[in-house]
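Architecture and fold: a report
Each chain is listed here by its residues.
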Amino acid sequence: MFRRIKASVLTALCCTVIGAGLAGCEADSIDSLDDWDPFASTTQKADADLITGTKKIDVGGRLVNVSCSGDPEKGKPVIILMHGGGDGLDKMAAIQKTLSQKNRVCSYDRLGAGASDQPDGPQTFTSTGKVLTGVLDRVAGDGPVVLAGHSLGGLIAARYAPDHQDRVKGLVLLDTTSPTMVEDITKAIPESATGPAAEVRTQNLAIFQGQNPEKLVITDGKVRSAGNIPVEVIKHGKPYLAAVPQYGPRLEQAWTAGQRKWLELSGSSKLSTAANSGHYVYVDEPDVAVQAIERVTSQANSG
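Residues numbered from 1 in each chain as written. Predicted model: local features only at pLDDT ≥ 70, side-chain atom pairs only at ≥ 80, totals over all residues. Heavy atoms only, no water.

The next point concerns the pairing of strand β7 (residues 230–236). Most of β7 sits inside the fold, with 7 of its 7 residues counted as buried. Examined bridge by bridge, strand β6 (residues 168–174) and β7 share 4 bridges and lie parallel to one another. Looking at the pairing, Leu173 lines up with Val233 of β7. Between the parallel pair β7 and strand β8 (residues 268–274), the chain is carried across by helix α8 (residues 248–261), and the sense of this crossover is right-handed. (Buried < 20%, exposed > 50% of the residue type's maximum accessible area, 1.4 Å probe, protein only. Helix = DSSP H or I, 4+ residues; strand = E, 2+ residues; numbered from the N terminus. Pairing = 2+ DSSP bridges. Right-handed = clockwise from strand over helix to strand, strands pointing away.)

With respect to the secondary-structure elements, Glu232 resides in strand β7. By relative accessible area, Glu232 is classed as buried at 3%.

The next thing to look at is the state of the cysteines. The full count for this structure, using the stated rule, is 1 disulfide. Across the disulfide, Cys68 is cross-linked to Cys106 (sulfur-sulfur distance 2.1 Å). Disulfide Cys68-Cys106: the torsion about the S-S bond is 115°, which places it as right-handed. Of this pair, Cys68 sits in strand β2 (residues 62–69) while Cys106 sits in strand β4 (residues 105–108); the two residues are 38 residues apart in sequence, bridging distant segments of the chain. For the pair Cys68 and Cys106, one class covers both residues: buried. (Disulfide = S-S within 2.5 Å.)

Among the structural elements, Val290 can be located in helix α10 (residues 286–302). Distance from Val290 to Ala148, taken between C-alpha atoms, is 10.0 Å for residues 142 residues apart in sequence. When neighbours within four sequence positions are excluded, Val290 is seen to be in contact with Ile95, Thr98 and Leu99. (Contact = heavy atoms within 4.5 Å.)

What follows concerns the sheet that holds strand β5 (residues 145–150). The strand order across the open sheet built from 8 strands is β1-β2-β4-β3-β5-β6-β7-β8, with neighbouring strands paired in mixed fashion. Two strands in the sheet have a free side with no partner beyond their single neighbour: β1 (53–59) and β8. Here the average twist between neighbouring strands, direction ignored, is 20°. Judged from the 7 bridges that link them, β7 and β8 form a sheet pairing that is parallel. When the bridges of β8 are listed, Pro230 appears paired with Ser268. Contacts from helix α5 (residues 152–160) reach β3 (78–82), β5 and β6, with the element oriented near 145° to β5. Taken strand by strand, α8 contacts β7 and β8, and its axis lies near 170° from that of β7. (Axes fitted to C-alpha atoms, helices over the stretch in contact; angles between N-to-C directions.)

Applying the stated rule across the entire model yields 6 salt bridges. Measuring nitrogen to oxygen at the nearest pair gives 2.8 Å for the salt bridge that ties Arg110 to Glu214. Of this pair, Arg110 sits in the loop between β4 and α4 (125–139) while Glu214 sits in the loop between α7 (195–208) and β7, and the two are 104 residues apart along the sequence. Judged by relative accessible area, which is 3%, Glu214 ranks as buried. The partner of Glu232 in a salt bridge is Arg295, and the shortest N-O contact between them spans 2.8 Å. Residue Glu232 is found in strand β7, and its partner Arg295 is found in helix α10; the two are separated by 63 residues along the sequence. Relative accessible area serves as the criterion here: at 35%, Arg295 is assigned to the partly exposed category. (Salt bridge = Lys/Arg side-chain N within 4 Å of Asp/Glu carboxyl O.)

So, about α5. Within α5, 9 of the 9 residues are buried, leaving the element largely enclosed by the surrounding structure. What α5 keeps buried is the set Leu152, Gly153, Gly154, Leu155, Ile156, Ala157, Ala158, Arg159 and Tyr160. Along its buried surface, α5 packs onto β3, α4, β5 and β6.

All we've got here are geometric facts, nothing functional implied.
Laid out in structure tokens, this is it:
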């Protein structure tokens, strides 16, 4: 849509594919899913389903596409890979295959993404968290999990973990959307901006308001503690946000500051930079992502 600006910049900032994000959304006309309780008539399963390959599971009457691989090991956390906005679990297939050589690994398409059902209305971190809970109940039962999320997936994981410390025992955030992304955009690109930068600002703010395939309303918030769990935050090393005319350096600074804020999740957090990576760290430097996820899983298992 804006050919002068790299697609990866728009993907990172908006956490979705812009063209798809703005097409046909009716978020303002449908009631929020916050009050939806997918487990009102069911009980949590103590034993996980040993799903192998890709399968659609029922979560509160909606079909969620799930992929699992690798052998389970009693007491060892199941790794849950969480894709970025505009992506699906297929984007993470390669890293899942690598990790599954030594671990039990699952990924899933959120509602509105990949092969999962569409949401009936606007989603919030609360409602998308309920879907995540349903997925965890099926693939991990009452066992521990490590959440590894990219971009928007990392943001959802980081918002989810503090309220689910009984099961989330580790986090890996791969160039994750800042906890103050709305404020970051509005400050980095002023309302007076013109040209492509102004359009980036407008597109992002619309997407944060729910005009994206997942109909997820993306709001800023303080970083809450998830206990003393191991957390690794990995940011991109290639300054691709500089592609935004005039305001690129500000966006890069805001993104880096946002990565530092995520360290407040735990007293056992660390930040590193994938020097040769753009936004897709797990694609550009898969070894960096794999090693971080395996370190966190090992620490969580021994904790």
